[in-house]
Structure formats: C-alpha cells, structure tokens
Amino acid sequence: MPYHTQKQTTGFLEYVFDFYKLMKSHEVKLVYEGKVTHQITKAFISLAEAQMEENQETVSAQRIVFHVMVECLQNISRHADDYESGNYLYSGRGILMVSNTIDAFLVTTGNAVINQKIKSITEMIDRINGMDDLRLKELYMRQMREGCLSDKGGAGLGLIDIRRKTGNKLEYHFHPLSKSLSFFLLKATINRTK
Amino acid sequence: MEPLRIDRTDDSPQVIFDVENDLFEISGRSLPEDVNTFYEPVLSWLEEYSRNPAPKTTFDFRLTYFNTASSKVILDILTIFEEMIEDGQELLVRWFYPKEDEDMLEAGEEYAEMVEVPFEMVSY
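Residues numbered from 1 in each chain as written. Chains lettered and ligands numbered in written order. Predicted model: local features only at pLDDT ≥ 70, side-chain atom pairs only at ≥ 80, totals over all residues. Heavy atoms only, no water.

Enquirer: Explanation requested: the environment of Ala 61 of chain A in the structure shown.
Expert: Residue and element names in this part refer to chain A. Mapping Ala 61 onto the fold places it in helix H3 (residues 59-79). What makes Ala 61 buried here is its relative accessible area of 2%. With 129 residues separating them along the chain, Ala 61 and Ile 190 place their C-alpha atoms 6.7 Å apart. Beyond its immediate sequence surroundings of up to four residues, Ala 61 is in contact with Phe 105, Ile 190, Asn 191 and Arg 192. (Helix = DSSP H or I, 4+ residues; strand = E, 2+ residues; numbered from the N terminus. Buried < 20%, exposed > 50% of the residue type's maximum accessible area, 1.4 Å probe, protein only. Contact = heavy atoms within 4.5 Å.)

Okay, here's the thing in structure tokens:
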C-alpha cells in the first residue's frame, strides 16, 4: 500500500478545494472528461431533464441547453480523433462542460482533431456564424435534403442546428497538442431569456 | 398488411403502423445510437404501404425531441408521403407539439414548407 505523508494528502486535498473554488467561480454545473459513448449521452440527458423539472422558469432555455448538449456529445463521439499521450489513446474522448453566467448558459466541448481538419472546421463555423436566420434555415433544409447520413450517422447538421437554436455565434479555439494534432474547443451560448 | 409495432425506449420513439385500426403514429423521443438501423424497418414498411395504401391516411408525429440525425430520416418519411400524394393518394400529417415548445412547432412548419404534403399543427 502506498504510503502518503500528511503533507502529500493535505496538498492533494487543497488541490481539490482549489478545483472546487474554480468551478464555483465559473459556475460550472457539469463537467465530464472521457470517452463519450451513447450510454454517457443518455445519462446526461436524464440528468439534464431532472434539473429541468426543478427549475420551471427557464424551460425553453434549458430545452435548448439539452439540445446543444446532445449534438455536442454526438460530435465528440463521432469526430474526436485519436490522441496519444503517454500510455493513453484518446479516441472518441473529450470534455463537456456546462456552466452559467448571469445571462447565459454555456456549453463548451473540447476534443482532439488532426490538424488537416482545422481548415474545414474553421471555414464551416465562420460560414454559419456569418449567416442570418433565413440563410441558416435554407442551409439546414438543403443539408437535410442533400446530405446523406455518413457511416458515423452524422448528416452535417449539428453545428448549423446549434447556431440556429441558440441564435448566437459559435466560439472556437484550436490549441496545439502535437505536430499533427490540436485540441478543438467549441463554445455555444444559450441566452437565459430569449 | 402486417402491423409494425416498436416499443419506445429512452432514446427511440414508439412506432405503431396498423392499417386495420387506422393507426399511424411515431411518438416520443428520437436519438437512437444508430439512426439508420432503427429507421430501416420503419422506412421499408412505409415503402410497402405506399404501394397499396388505405383510401385516406392520417399520420401522426407526436415527438417530444429528435436529434439532427433523426431530422434527416423524418424528411425521408415525408418524401414517401409526397410520392403517395403525387400518385393521387389522400394523406394528412398531423404534427403534435407541446404548446410551449416553439421549436417543435417551427420544426413542423419547416417540414411543411419542404414537402408537398398537407400538414395540420396540433398543440397539446
């Protein structure tokens, strides 16, 4: 059995306390790091639904949060690329964080992507960010008609749908992980009052 | 024609297609792990039905939630209906939505714009 000195234990517990304080200060309501499977997605849905019942006041905003969470989790499970670090292989893994500000709910995700994808992801998001409601609707309809479901089950609709449902621009950032990989962070903002 | 009945689960809708009892309904929540596998029997049943349908079909969508992958399949279903109407069949889609759920109403209205199929929006 490993022996920990009191100093080590206190150090670790202090770290947990700092972590807790950080979560409180950013009003982090939910955070998950790991492999995103369909089971995990379903677990989050029941959790989100239970919370929705508790707080009637913002039902429509919470419904959008729920919607955005599902699409974000499915993006990770379908599109996260393998990421090797030490002995760990990150495939279909990522982070999901739901947090609050005074006037919005934030759903932020992060997952590894190969650098070759950065350009197309950037172009896609910039394009839908620059569109108004009508053009977004047209794009969504066109994608539904023409885009066939890929073998991974995606129809290229998730990001357009998040942009439409939230009415806000998607924010993103790529953080380099290695020569060939970056960590793709995506933030969706859901206004508390529509 | 043999009825098609699929029980609802926490991620897939209930499906009841029953010609004898004049019941055509998809209800609940739709975010199955594999959309193609789940909807394959649904689409093939409807394809077969469309070749020899009842004089009038009323089809109910009573969904509370569907993900974007499912939204594409819903359009595939409506496209089968559109072809039935082109062939001179009578068909009505009733799109049910919870009265406070504007997004679900909007989704129905958008489908109604996309296909030449009569829609009736019903709040509950």
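So, next bit.
Enquirer: It is not clear to me how the side chain of Ser 182 of chain A should be interpreted in this structure. Could you clarify?
Expert: All names here are of chain A. Within the secondary structure, Ser 182 is located in strand E7 (residues 181-191). Judged by its relative accessible area of 5%, Ser 182 is buried. Of note is the side chain of Ser 182, whose polar atom sits 2.7 Å from the side chain of Asn 115. Not counting residues within four places of it along the chain, the set of residues in contact with Ser 182 comprises Asn 111, Ala 112, Val 113, Asn 115, Ile 118, Phe 174, His 175, Pro 176 and Leu 177. (Polar contact = N/O pair within 3.5 Å; in protein donor to acceptor, adjacent residues only side chain to side chain.)

Enquirer: Honestly, the sheet that holds strand E5 (residues 104-114) of chain A in this entry has me stumped. Any pointers?
Expert: By definition, the strands of a sheet pair up through backbone hydrogen bonds, in either a parallel or an antiparallel sense. Residues and elements named next belong to chain A. Strand order across the open sheet formed by 5 strands is E1-E4-E5-E7-E6, with antiparallel pairing between neighbours. Two strands in the sheet have a free side with no partner beyond their single neighbour: strand E1 (28-35) and strand E6 (171-176). Taking each pair of neighbouring strands and ignoring which way they run, the sheet shows an average axis angle of 15 degrees. Pairing analysis gives 7 bridges linking E1 to strand E4 (residues 93-100), with the strands arranged antiparallel. Paired with Lys 35 across the strands is Arg 93, a residue of E4. (Pairing = 2+ DSSP bridges. Axes fitted to C-alpha atoms, helices over the stretch in contact; angles between N-to-C directions.)

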